[in-house]
Amino acid sequence: MTRMVALPNGEKVPALGQGTWYMGERSTARAGEVAALRRGIDLGLTLIDTAEMYADGGAEEVVAEAIAGRRDEVFLVSKVYPHNASRAGVAAACERSLKRLGTDRIDLYLLHWRGNHPLSETVAGFEALQQAGKIRLWGVSNLDTDDMAELMEVPGGAACATNQVLYNPSRRGPEFDLFPALASAGIPVMAYSPIEQARLPRGGALGTVAKKHQADPFQVALAWVMRSGDVIAIPKASRIAHVEMNAAARDLILDAEDLALLDRAFPAPRRKVGLEML
Ligand code: NAP
């Protein structure tokens, strides 16, 4: 089953994509990483998330190899470093990313986290890239409620297509105020580290629910992250077996009993929790 999430412009993207952090760091791992991403594309995990930061551009080069000859099947997300996010800086950074990615356009270009450049400058830079056809959409990452409110006041800021944040059962903080604010602005969430970099506990509630559905605890975590229909999860897997397991999590629908059990083990926040980052 392919679950989709609608972006603010009405375009639909897969609710389950693929991350690439730590790809491109070792040449000996490269062929395996490319094969894993390709297998993911075959299975419909066609949203690929990367960044100029990952392996100093090396991850974008791995992505280039994985999408060679099938660029149109993929929804490509990359990110600009905060220190490059001036009006002129985003243009230069985007040009470098496009070159490494071996493509003429990025589908969604994100500000990786808030830095010192005014948001108005970054947005103006993104708009210029859109007009030049180098990026189709833009968004942000790691922006908490106060920064999002500021962004909404910047000229053109309301066109933000997503906020990519740390979210999984052990990181529910943004459910308190950030997710409601994004929902009311019509901006979907992109959840990074959705299995907490494979550190989520395999036992306890995740294990119990997994057993009931004859699934893996990390598949339960992915199904949980995607449960609302407006969150995109981007697990990273450089092993084909992991890619296949993650893709199968799209078929796992958690029922009220499962959700209640997971709520007890991983309680929803009752007060503001500052946005955490990895
Ligand atoms: P993650 O996706 O939660 O976990 C990745 C780790 O889990 C890898 O070690 C992977 O192993 C393993 N794994 C994947 N599927 C598995 C499975 N089915 N069973 C067992 N282990 C499995 O963590 P992440 O890479 O930090 O987050 C995902 C993506 O989000 C990143 O790659 C990146 O694209 C993005 N991200 C963005 C930010 C940001 O600031 N915007 C921050 C962090 C991450 P193998 O690789 O060996 O298969």
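All values derive from a computational prediction rather than experimental measurement.

(A) How the structure looks around the overall build of the chain. A tally of helices and strands in the chain yields 10 helices and nine strands. Taking 278 residues into account, the globule formula puts the C-alpha radius of gyration at 19 Å, and the chain, at 18 Å, falls close to it. Dimensions along the principal axes, computed over C-alpha positions, put the chain at roughly 55 × 45 × 30 Å. Residues classed as buried in the chain amount to 54% of the 278 residues present. Long-range contacts, defined as pairs at least 24 residues apart, comprise 77% of the intrachain contacts of the chain with a sequence gap of at least 6. About 11,700 Å² of surface is accessible on the chain, with carbon and sulfur atoms providing 52% of the total. Of the charged side chains in the chain, 31 are positive and 34 negative, and the gap between their average positions amounts to 4 Å.

(B) Spatial organisation of the environment of asparagine 84. The residue asparagine 84 is located in the loop between strand E4 (75-80) and helix H3 (87-101) in this model. In this structure, the C-alpha to C-alpha distance between asparagine 84 and alanine 205, residues 121 residues apart in sequence, is 42 Å. The contacts of asparagine 84, once residues within four sequence positions are left out, are Glu52, Gly89, Val90, Ala93 and Arg96. Of note is the side chain of asparagine 84, whose polar atom sits 3.1 Å from the side chain of glutamate 52.

(C) Quick look at the site of the ligand. Close to the ligand lie 29 residues, the nearest being Asp49, Ser141, Ser238, Arg239 and His242. Measuring from an oxygen atom of the ligand, one finds a side-chain N or O atom of histidine 242 at 2.6 Å. The biggest single contributor to the shell around the ligand is helix H9 (residues 240-248), with three residues. Here the shell around the ligand is composed, by residue class, of 12 nonpolar, 11 polar and six charged.

About the criteria used
- Residues numbered from 1 in each chain as written.
- Predicted model: local features only at pLDDT ≥ 70, side-chain atom pairs only at ≥ 80, totals over all residues.
- Heavy atoms only, no water.
- Helix = DSSP H or I, 4+ residues; strand = E, 2+ residues; numbered from the N terminus.
- Rg over C-alpha atoms; globule rule 2.2 N^0.38 Å.
- Buried < 20%, exposed > 50% of the residue type's maximum accessible area, 1.4 Å probe, protein only.
- Contact = heavy atoms within 4.5 Å.
- Areas by Shrake-Rupley, 256 points an atom, 1.4 Å probe, with all protein chains shown as cover.
- Lys, Arg positive; Asp, Glu negative; His and termini not counted.
- Charge placed at Lys NZ, Arg CZ, Asp CG, Glu CD.
- Polar contact = N/O pair within 3.5 Å; in protein donor to acceptor, adjacent residues only side chain to side chain.
- Near = heavy atom within 4 Å.
- Nonpolar A, V, L, I, M, F, W, Y, C, P; charged D, E, K, R; others polar.

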